[in-house]
Amino acid sequence: MRFRAKIVDLACLNHFSRVINTIAKLAKSCTLRLTVSKLYFILSDKVANGGVSMWCELCQGNFFDEFQMEGVAVEHNEIYLELVPENLSRALKTAQTAKAVKIKLTNKHCPCLRVAVELPSLSSSSRIVTHDIPVGVIPRRLWNDFREPSVPDFDVSIYLPVLKTMKSVVERMKNLSNFVVIEANLNGEMNLKIETDLVSVTTHFKDLGNPPWASEDGCQSSSQGRDLESMAEARIDIRKLQQLLAGQQVNPTKALCNIVSKRIVHFILLHEDVSLQYFIPALA
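All values derive from a computational prediction rather than experimental measurement. (Residues numbered from 1 in each chain as written. Predicted model: local features only at pLDDT ≥ 70, side-chain atom pairs only at ≥ 80, totals over all residues. Heavy atoms only, no water.)

## Focus: the overall build of the protein
Part 1 of the reasoning: Across its full length, the protein holds 4 helices and 18 strands.
Part 2 of the reasoning: Dimensions of the protein, computed from C-alpha atoms along their principal axes, come out at roughly 65 × 45 × 30 Å.
Part 3 of the reasoning: Across the 284 residues in the protein, those meeting the buried criterion constitute 48%.
Part 4 of the reasoning: For the protein, contacts bridging at least 24 residues in sequence account for 64% of all contacts bridging at least 6.
Part 5 of the reasoning: Considering the protein, the positive charge centre built from 33 side chains and the negative charge centre built from 30 side chains are found 9 Å apart. (Helix = DSSP H or I, 4+ residues; strand = E, 2+ residues; numbered from the N terminus. Buried < 20%, exposed > 50% of the residue type's maximum accessible area, 1.4 Å probe, protein only. Contact = heavy atoms within 4.5 Å. Lys, Arg positive; Asp, Glu negative; His and termini not counted. Charge placed at Lys NZ, Arg CZ, Asp CG, Glu CD.)

Put into structure tokens, the structure is as follows:
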């Protein structure tokens with residue numbers, strides 16, 4: 001099992017750093033899955049227990065100048081590692097002006113991701129700062145726990161408003177309640193509502209647009225035949241929504257949300273070379 005990669009391009013490095021910062025804000029620890037063409041950051045708190053799940057996918061070719069890996073076996077050419085993304089984020093903070101960053105899987109006293117940052121220096125020799133980030137190697141028999149979450153058959157799918165606007169609304173609401181009801185219809189309307197004994201506040205968004213979804217066999221999801229005006233809603237933990245919005249350091253080109261009434265809210269944030277899915281379970 002071997003892995004080594006190198007980033008030389010500064011724009012790619014900063015972009016990668018922003019993605020890792022976003023993930024560090026969403027997950028205290030997560031699984032890093034490495035394949036020949038992609039990296040995945042996966043958080044699978046069991047949704048049944050009220051936990052959120054995350055699935056973030058990056059094409060390695062858009063970030064790395066060199067990328068070599070050999071998985072556990074020829075027929076299972078993948079590596080699964082457990083890591084604390086905050087540690088990786090910290091290591092990359094020292095790399096903002098780096099000439100190159102090398103990342104390598106090593107095993108000195110325990111398995112580590114070694115991040116070697118080559119900094120520019122005035123003399124001819126370069127300075128190299130290394131960070132060893134401890135990781136856990138996840139055995140092959142547990143890999144099935146980290147499959148891509150299936151997209152539930154949703155009632156409504158809608159494009160999100162500008163995330164900055166949504167974030168400031170949610171931050172204000174968070175001071176009033178621990179829960180927010182997110183509701184939307186097929187007419188491009190979405191509302192964020194909080195209700196407590198003392199106050200009820202609703203923010204309305206209009207003309208957001210609904211994505212033209214079609215499933216594999218060409219027929220629509222369960223939203224087909226649904227009244228355009230009728231709202232699908234889910235009550236969720238407002239801190240989890242705020243965490244998602246606060247963590248966004250990569251401005252997505254598309255952001256949308258699917259609501260399965262009273263069950264789950266599924267967010268999808270798409271960037272040219274990064275896609276992030278985030279599932280927040282509904283509360284009764």
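## Quick look at the side chain of Asn191
Part 1 of the reasoning: Along the chain, Asn191 falls in strand β13 (residues 190–195).
Part 2 of the reasoning: On the basis of relative accessible area, Asn191 is assigned to the buried category, the value being 7%.
Part 3 of the reasoning: A distance of 2.8 Å separates the side chain of Asn191 from the side chain of Glu183, its partner in a polar contact.
Part 4 of the reasoning: Engagement of the side chain of Asn191 in a polar contact is seen with the side chain of His204, the distance being 2.9 Å. (Polar contact = N/O pair within 3.5 Å; in protein donor to acceptor, adjacent residues only side chain to side chain.)

## A closer look at the sheet that holds strand β12 (residues 179–184)
Part 1 of the reasoning: Strands sit in the order β14-β13-β12-β15 across an open sheet of 4 strands; the sheet is antiparallel. Where the open sheet ends on each side, the last strands, each with one partner, are β14 (200–205) and β15 (232–237). Here the strands of the sheet are splayed against their neighbours by 20° on average, with no regard to which way each runs.
Part 2 of the reasoning: Two strands pair when backbone bridges link them, and β12 and β15 are joined in this way by 6 bridges, in the antiparallel orientation. Bridge pairing in β15 places Ala184 opposite Ala232. (Pairing = 2+ DSSP bridges. Axes fitted to C-alpha atoms, helices over the stretch in contact; angles between N-to-C directions.)

## Regarding the domain arrangement of the protein
Part 1 of the reasoning: What the domain assignment reports for the protein is domain 1 (2–145) and domain 2 (156–217 + 227–281).
Part 2 of the reasoning: The centre of domain 1, based on its C-alpha atoms, is set 29 Å off from the matching centre of domain 2.
Part 3 of the reasoning: Across the contact, 20 residues belong to domain 1 and 19 residues belong to domain 2.
Part 4 of the reasoning: Overall, the association of domain 1 and domain 2 removes approximately 1700 Å² of surface from exposure, summing both partners, and the carbon and sulfur fraction of that is 59%.
Part 5 of the reasoning: Linking domain 1 with domain 2 are 0 salt bridges, by the criterion used here.
Part 6 of the reasoning: For the interface between domain 1 and domain 2, the tally reads 6 residue pairs in polar contact (both at pLDDT 80 or more).
Part 7 of the reasoning: Among the elements of the structure, α1 (10–26) and β4 (53–59) are those that each provide at least two residues to the side of domain 1 that touches domain 2.
Part 8 of the reasoning: Residue classes in the side of domain 1 that touches domain 2 are distributed as 10 nonpolar, 7 polar and 3 charged. (Domains from an automatic or database assignment. Buried area = accessible area lost by both parts, 1.4 Å probe. Salt bridge = Lys/Arg side-chain N within 4 Å of Asp/Glu carboxyl O. Nonpolar A, V, L, I, M, F, W, Y, C, P; charged D, E, K, R; others polar.)

## Comments concerning the pattern of salt bridges
Note on pairing: side chains with opposite charge can pair once their charged atoms come close.
Part 1 of the reasoning: Enumeration according to the criterion identifies 9 salt bridges in this entry.
Part 2 of the reasoning: We note a salt bridge from Lys99 to Glu118, for which the minimum N-O separation is 3.7 Å. Residue Lys99 is located in the loop between α2 (85–93) and β7 (100–107), and its partner Glu118 is located in strand β8 (residues 111–119); the two are separated by 19 residues in the primary sequence.
Part 3 of the reasoning: Between Asp132 and Arg114 there is a salt bridge, with the nearest N and O atoms lying 2.8 Å from each other. Of the two residues, Asp132 is situated in strand β9 (residues 127–134) and Arg114 in strand β8; the sequence distance between them amounts to 18 residues.
Part 4 of the reasoning: When its relative accessible area of 24% is taken as the criterion, Arg114 is described as partly exposed.

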